[in-house]
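Coordinates in review
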Amino acid sequence: MPTLCRLCDAIFEGDGACPRCGGAWLVRHSEIAALTIAHIDCDAFFASVEKRDRPELRDLPVIVGGGTRGVVAACCYVARLSGVRSAMPMFKALKLCPDATVIRPDIPKYAGVAREIRAMMERLTPLVQPLSIDEAALDLAGTAALHGAPPAAVLSRFARDVEREIGVTVSIGLAQNRLCAKLAAERDKPRGFAVLGADAPSVLAPEAVGILPGVGPALVRRLAALGITRVGQLASLDSRAARLKLGDDGPSLAARARGEDARAVDPVRAAKSISAETTFGSDISDPADLARELWPLCERVGRRLRAEDVAAGALVLKLKTTRFETATHAIRLTAPTRLPETMFEAARPVLQRAAGPAFRLIGIGAARLVQGALADQGDLMDRDSPRRAARQEAVDALRAKFGTGIIRRGV
């Protein structure tokens, strides 16, 4: 069986220790030397960056998130042992893990670390598709001659380089397509390296259907009502049966269950959305107060858009009532933007019309992302956008030099 040594990157045949270095940190798979599509996912990224910067927290539970009414943005693996999970309400997380150190998110810092890691990825292959701030898909086909090693060995060395140079760890999935690579990356975290090849259908068959991307709790319940709880049961449906049981999306869902995915790694395509939200310390009903909470979120989204060199083609405003009912409002934009003031002015009228006696959460998201070069170009009807974009660049430069608090805008 072909085997990869994660200590020295040797690929050899055999079941024992590595013949080159004697190491026992091994990955075995019949196709490990041939597969070329990878998914790289940083382990507990926000929490890992905070532990890197505060070594005294290395062995302690760390939660990155808001106050007692907020949610968990990320948590380390020590906190996960107590049952803490991302997106969990903070009060529940602190009840499960009362000794955790809670740190407010520092998105600009995390984005800077992500850019360093992405630059290292791009030294492996030009085909790098960022999927979020802490994960990406890579296509390493045809790179063996350049690196003098097959992709599996190159990825193994990359993981060690990231840990040594950046101070965080990554998990890697290697497969024949993007879907299986992502599923593989989830199988062995943290510091994992898992492989799914032609064996993907049989390996995935006994898993719960919820492991598939796009299968959330509501769809899990719907499938369970049909007697489908395992990936293998879903994979066994042919196109006709899948459509009859699950509607128009059924055939593609069954195909995913079989590990089928024709998507190419596209370095131009970025994440589908970038968003920010906040939970209030006390409920808010006044639209003016909601607007004051909205502005810093627009600034955060704008910073991330500029950091990712993309722009919003549309916006989504999110509001959650005191009864935990969530409403989302799609907002059209006349032209792509990454300016916080443009997003704010587009979303503020929606706040005036929002129904609900009081709200506990507000969020703003950038959707239909396009290349950053298309942002805020202006036209005969909008000659001010290029000037505002230039002004924003000057503000970014000042904040980079003197700190984010050097310039503030009142709402």
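This write-up is about the structure you can find in this document. Bear in mind the structure is a predicted one, so any value in this text is a computation, not a measurement. (Residues numbered from 1 in each chain as written. Predicted model: local features only at pLDDT ≥ 70, side-chain atom pairs only at ≥ 80, totals over all residues. Heavy atoms only, no water.)

Observations concerning the overall build of the chain
Put simply, the rule is: Runs of E in the DSSP output that reach at least two residues are strands. Runs of H or I that reach at least four are helices, and both are numbered from the N terminus. Relative accessible area decides the class of each residue, using a 1.4 Å probe on protein chains only: under 20% of the type maximum gives buried, over 50% gives exposed, and in between gives partly exposed. Residues are treated as being in contact if the distance between any of their heavy atoms lies within 4.5 Å. What sets the accessible areas is the Shrake-Rupley method with a 1.4 Å probe; for residues, cover comes only from the shown protein chains.
Per the secondary structure count, the chain includes 15 helices and 16 strands. Within the chain, buried positions represent 47% of all 411 residues. When contacts within the chain are restricted to residue pairs at least 6 apart in sequence, long-range pairs at least 24 apart make up 61% of them. A total of about 20,000 Å² of accessible surface is found on the chain, and carbon and sulfur atoms cover 53% of it.

Some points on the sheet that holds strand β11 (residues 193-196)
We count it as follows: Two strands qualify as a pair provided that DSSP identifies no fewer than 2 bridges between them. Here an angle of 0 to 180 degrees is reported between the N-to-C directions of two axes, which are lines fitted to C-alpha atoms, with helices fitted over the stretch in contact.
Strand order in the open sheet formed by five strands is β8-β9-β4-β10-β11, with mixed pairing between adjacent strands. Looking at the sheet topology across the chains shown, the edges are occupied by β8 (128-132) and β11. Across this sheet, the average inter-strand angle for adjacent strands is 20°, counted without regard to direction. In this structure, β8 lies alongside strand β9 (residues 135-139), joined through four bridges in antiparallel fashion. In the strand pairing of β9, V128 is matched with L138. Sheet contacts for helix α6 (residues 151-165): β4 (37-42), β10 (170-175) and β11; angle to β10, the most-contacted strand, approximately 170°.

A word on the nonpolar core
Note the threshold: The term nonpolar core refers to a set of buried residues drawn from Ala, Val, Leu, Ile, Met, Phe, Trp, Tyr and Cys, joined through side-chain atoms within 4.5 Å.
F45, I63, I117, L138, L155, F158 and F193 are the most contacted members of the largest nonpolar core, which has 57 residues in total. Per-element accounting of this core gives the leading share, eight residues, to helix α4 (residues 107-122). Setting aside anything within four residues of it in sequence, one finds L138 in contact with T36, I37, A38, I40, M121, L124, T125, L127, V128 and V265. Formed by 30 residues, the second largest nonpolar core is a distinct cluster that contains W295, L297, C298 and L369.

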